Amino acid sequence: SLYSVSISETTIGTIITTSATDLDATVAFSSIVYGFTDAGFPFSIDASTGAVSVSGILDFDEGPKSYSISIFASDGSLTGVTTLNIQISDVNDIAPVITNSDFSLTISESTPGGTAIFDVNVQDIDTVGTITYQITSGNTDSSFIIDSSGVVTVSAIGLDFETETRYELMIQVSDGSQMTSSRWV
């Protein structure tokens, strides 16, 4: 028979137990031994129970997304082989990173509200989570707004050179995990 299991990249311990039946069991061939036909997987198998466990590091972001492992069961005389297919799912475990290299720009105090002045570019290796953007510091008089796609615009309040000649904004991005990334712009 064919075995299939889906696990996350943070799974530890036993993921499935395979089983075999020996219909012609005799005293000489009464115990079944399990094993993998190939090596090099981040999994192990208990030779007496057929339990398959995670024994190495799983990394969806930089490693295989799935494994197909041949498992044998032998009574010492005859051997049967089956396949175990393992799908690895992503976990939101890496913070997004702001990738813009230069944020220095000059804008006129007469720039109308609603004018986009720059885009915050983000890279997130994880395939899960939604990127959110926030200005966490330096937004004197709420002069700027950042939208859900990372576009920073002048707010309806506008800019006043006599009140503020320079803005340094702290932009924070998050992907819904506990990890965030921030950068001054």
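Relevant structure appears above.
Criteria and thresholds
- Residues numbered from 1 in each chain as written.
- Predicted model: local features only at pLDDT ≥ 70, side-chain atom pairs only at ≥ 80, totals over all residues.
- Heavy atoms only, no water.
- Pairing = 2+ DSSP bridges.
- Helix = DSSP H or I, 4+ residues; strand = E, 2+ residues; numbered from the N terminus.
- Axes fitted to C-alpha atoms, helices over the stretch in contact; angles between N-to-C directions.
- Core = buried A, V, L, I, M, F, W, Y, C linked by side-chain atoms within 4.5 Å.
- Buried < 20%, exposed > 50% of the residue type's maximum accessible area, 1.4 Å probe, protein only.
- Contact = heavy atoms within 4.5 Å.
- 1 Å grid on protein atoms, 1.4 Å probe; cavity = no way out; pocket = protein on both sides within 12 Å on 5 of 7 lines; lining within 4 Å.
- Points joined across faces, edges and corners; volume = space filled by probe spheres on them.
- Nonpolar A, V, L, I, M, F, W, Y, C, P; charged D, E, K, R; others polar.

Chemist: Any details on the sheet that holds strand β12 (residues 144-146)? Residues and values, ideally.
Modeler: Taken in spatial order, the three strands make up an open sheet running β9-β13-β12, and their pairing is antiparallel. Only two strands of the sheet have a single partner each, and these edge strands are β9 (116-119) and β12. Within the sheet, the average angular offset between the axes of one strand and its neighbour, ignoring direction, is 20°. Note: β9 against strand β13 (residues 151-154), three bridges, orientation antiparallel. Within the sheet, the bridge partner assigned to Phe118 lies in β13 and is Val152.

Chemist: Give me the lowdown on the nonpolar core, citing residues and values where you can.
Modeler: Ile7, Ile15, Phe43, Val52, Leu84 and Ile86 are the most contacted members of the largest nonpolar core, which totals 21 residues. Contributing elements (two or more residues each) for this core: β1 (2-8), β2 (13-17), β3 (33-36), β4 (43-45), β5 (51-54), β6 (66-74) and β7 (79-89). Ranked by the residues each element gives to this core, the list is headed by β6, at four residues. Apart from residues lying up to four places away in sequence, Ile7 is in contact with Ile15, Phe43, Val54, Leu58, Ile86, Gln87, Ile88 and Ser89. Counting residues in each nonpolar core, the second largest holds 15 residues, with Tyr133, Phe144, Ile146 and Leu159 among its members.

Chemist: Tell me about the layout of surface pockets, and name the residues and values.
Modeler: Roughly 490 Å³ of internal volume is contained in the largest pocket. In terms of lining residues, the largest pocket is bounded by 20 residues, among which Leu105, Thr106, Thr165, Arg166 and Tyr167 are the most central. Taken together, the residues of the lining of the largest pocket break down into eleven nonpolar, four polar and five charged. Its volume calculated, the second largest pocket comes out at about 270 Å³. Around the second largest pocket, the lining comprises 20 residues; the ones closest to its centre are Ala20, Thr21, Ala73, Gly80 and Val81. In terms of residue class, the lining of the second largest pocket is built from nine nonpolar, eight polar and three charged.

Don't take any of this as a statement about function, it's just geometry.
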